[in-house]
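Descriptive analysis of the structure
Here is what each chain is made of, one letter per residue.
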Protein chains: 2
Amino acid sequence: MELRTLRYFQAVAEELSFSRAAERLHIAQPALSRAVRDLEEELGTPLLARNKHKVRVTPAGAVLLRETGVLLGLAEEAARKVQRTALGQEGELRLGYIGPPTRDFLAGVLREFRIRYPRVTVILEERTPERVWEMVLKGRLDLGLTRPVTAGERLGLETLLLREEPLCAVLPSGHPLAKVESLEWSSLRGQPLIVLARREGVGLHDRVLLGCQRAGFPPTLAHTPSIVGTVLTYVESGAGIGVVPESVATLAGADTMVFKPLHPVELVSLVLVWNREHENPVVEAFCALVRELMATG
Amino acid sequence: MELRTLRYFQAVAEELSFSRAAERLHIAQPALSRAVRDLEEELGTPLLARNKHKVRVTPAGAVLLRETGVLLGLAEEAARKVQRTALGQEGELRLGYIGPPTRDFLAGVLREFRIRYPRVTVILEERTPERVWEMVLKGRLDLGLTRPVTAGERLGLETLLLREEPLCAVLPSGHPLAKVESLEWSSLRGQPLIVLARREGVGLHDRVLLGCQRAGFPPTLAHTPSIVGTVLTYVESGAGIGVVPESVATLAGADTMVFKPLHPVELVSLVLVWNREHENPVVEAFCALVRELMATG
DNA sequence: AGCGGTAATACCTTGTCGGTATCACCAACT
DNA sequence: AGTTGGTGATACCGACAAGGTATTACCGCT
């Protein structure tokens, strides 16, 4: 049973005439007669009762006509769905991100994305930066919003640099170092430091260690909480000096703490990452939108 | 887009291998490659991503695979439904009948029919005998349970004689004629008669008139109600003598009225009628069942 | 480097589909 | 009643698409 045959049958059953149906289908009448006869043979039962001048639909034919309508409709719809999916206008986007530093960025992009691609379902997954990389690599995510990994393990993964930001020290307002114009890494020597746990972000954590190492001293890690907000809480309570990316400043109350850029500048960045081989049109649409938004505003 | 192509695509997408899929489909691998390529061309988008040694399903392909599953399932189911319908095992039977005299007969047959053909929906329509004939003729009913029509207007309609029954007189128990052994039509001369309205059944009504005519007198019609039960009510109230088919006796209380066969016997019959040209398998199944039940019990 | 296995390509064969011409038949209208 | 127009079926033919065979190009794995 083929869709072509069903289309033919449908035409005849609707027109109740082989010749008119043939005309409508732009084929010759004998071809149509044969097609219907073959279909009847295949199903083992007459579908149209023809007594030389009148065509009637048999009960079996009536059933087939109904089913054919459904079938042909679904087939057409399926083709459209496939094409929409190919254009990135339909489907789903599994997007992994790393939490606070990406939330404001995500919010803006997603708002616009949902407007332009309303039939795409965005599935958000919050994970650690390494886990995001791993999941993108394994295909469990279509797209990751994360920090670059230190190791060069970008096997076939495409990245797009979104933002670079300097590392800052966070101090309680009353801290002696809070009033200097510009803070040197070396000033942190001996100070109790509060840094995000390494398991929550190898890139960021190691970058802090690197800053200290370049300034020629080993850091004194007082606490390594697993949530960025907790770093700020520790600082507020006077437990030490926090080292965080600049964007974290937006999370903090401005009067109780001060953020000081550290010199020499150590940059941490935010990237989009995806598997180019997967050639997912939704991913491409999303990246295109991100590029566009970065260019315009 | 053809079902054949979709079957091919499905095989490849499931096996994730052209050669294995080709084996499963019992065709050669190059044919498969071409079929899938053509399908991709038709839909205007890659469905399978093949990098020489691995086959992956693209997002568009995943969508098509899902839709294909539905489509092929429905197609198969449709074919089965058509075949079941052709065998009379599925579908509907629009059955017209004429009321009281057929109810007991119908009940028995329908009970058995529903057991043997549980997927056939029986639609019952109660009409006058003429209306049943007309509807069967016009194809608005598949089958009629009615009385034969007097006119020979059985154009292509097949009939099956179910039952013949004599006409009876119904009298109140106290009536002078109630005690005679056998009642002659001629005894009805001058008696007020109660007969079913002609519009409710030309055949029955005219047969009563014929009985009187043969006995050589014109009937005195006291009442012609449109419901058989009302005939009995009139008789009970002493309004006259009813003339009804024998089977109506089952409707009446035995103590207040008596039923007397009329001589010479005038038979009215009950027939099944259907349009042979329609070749409806459900109709044939029903008739076969009726014949079988009449033969056995 | 060589082997096994993959999908793609080139080319040929065949079966199927569609077209033309014609027939048989019925219906409606002279 | 005979004719004519229109129906679907049949016979036959041609074209093209589908499938098959042989081969190539490429990759991963020994």
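Further up the page is the structure itself.
To start, this report covers the structure provided alongside it.

Conventions and cut-offs
- Residues numbered from 1 in each chain as written.
- Chains lettered and ligands numbered in written order.
- Predicted model: local features only at pLDDT ≥ 70, side-chain atom pairs only at ≥ 80, totals over all residues.
- Heavy atoms only, no water.
- Near = heavy atom within 4 Å.
- Polar contact = N/O pair within 3.5 Å; in protein donor to acceptor, adjacent residues only side chain to side chain.
- Helix = DSSP H or I, 4+ residues; strand = E, 2+ residues; numbered from the N terminus.
- Nonpolar A, V, L, I, M, F, W, Y, C, P; charged D, E, K, R; others polar.
- Axes fitted to C-alpha atoms, helices over the stretch in contact; angles between N-to-C directions.
- Parallel < 35°, antiparallel > 145°, perpendicular 65-115°, else oblique.
- Contact = heavy atoms within 4.5 Å.
- Buried < 20%, exposed > 50% of the residue type's maximum accessible area, 1.4 Å probe, protein only.

What to know about the protein's contact with DNA strand D
DNA strand D sits among 20 residues. The nearest are Ser19(A), His53(A), Tyr8(B), Ala28(B) and Arg34(B). Within 4 Å of the protein, the contacting atoms of DNA strand D are drawn from sugar and phosphate to the extent of 60%. Separating a phosphate oxygen of DNA strand D from a backbone N or O atom of Ala28(B) is a distance of 2.6 Å. Of all the secondary structure elements, the ones that give two or more residues to the surface near DNA strand D are α2 (18–25) and α3 (29–43) of chain A together with α1 (3–15) and α3 (29–43) of chain B. The residue inventory of the surface near DNA strand D, partitioned by class, reads 8 nonpolar, 7 polar and 5 charged.

Notes on the packing of α2(A) against α3(A)
All names here are of chain A. Look at α2 against α3: their axes get within 8 Å of each other, and the N-to-C directions meet at 105°. Relative to α3, the element α2 lies roughly perpendicular. Across from Phe-18, Ser-19, Ala-21, Ala-22 and Leu-25 in α2, the residues of α3 making contact are Gln-29, Leu-32, Ser-33 and Val-36. Here the contact of α2 with α3 is composed, by residue class, of 6 nonpolar, 3 polar and no charged.

Details of the environment of Ala62(A)
Residues and elements named next belong to chain A. In this structure, Ala-62 sits in helix α4 (residues 59–86). Accessibility expressed as a relative area gives 37% for Ala-62, which makes it partly exposed. As for Ala-62 and Ala-13, which are separated by 49 residues in sequence, their C-alpha atoms are 8.3 Å apart.

A word on the protein's contact with DNA strand C
Neighbouring residues of DNA strand C: 20 residues in total, closest Ala28(A), Arg34(A), Phe18(B), Ser19(B) and His53(B). Within 4 Å of the protein, the contacting atoms of DNA strand C are 59% sugar and phosphate, with bases supplying the remainder. The separation between a phosphate oxygen of DNA strand C and a polar main-chain atom of Phe18(B) is 2.5 Å. With respect to DNA strand C, the side chain of Arg50(B) contributes an N or O atom lying 2.6 Å from a phosphate oxygen. Those elements that place two or more of their residues in the surface near DNA strand C are α1 (3–15) and α3 of chain A together with α2 (18–25) and α3 of chain B. Residues that form the surface near DNA strand C fall into these classes: 8 nonpolar, 7 polar and 5 charged.

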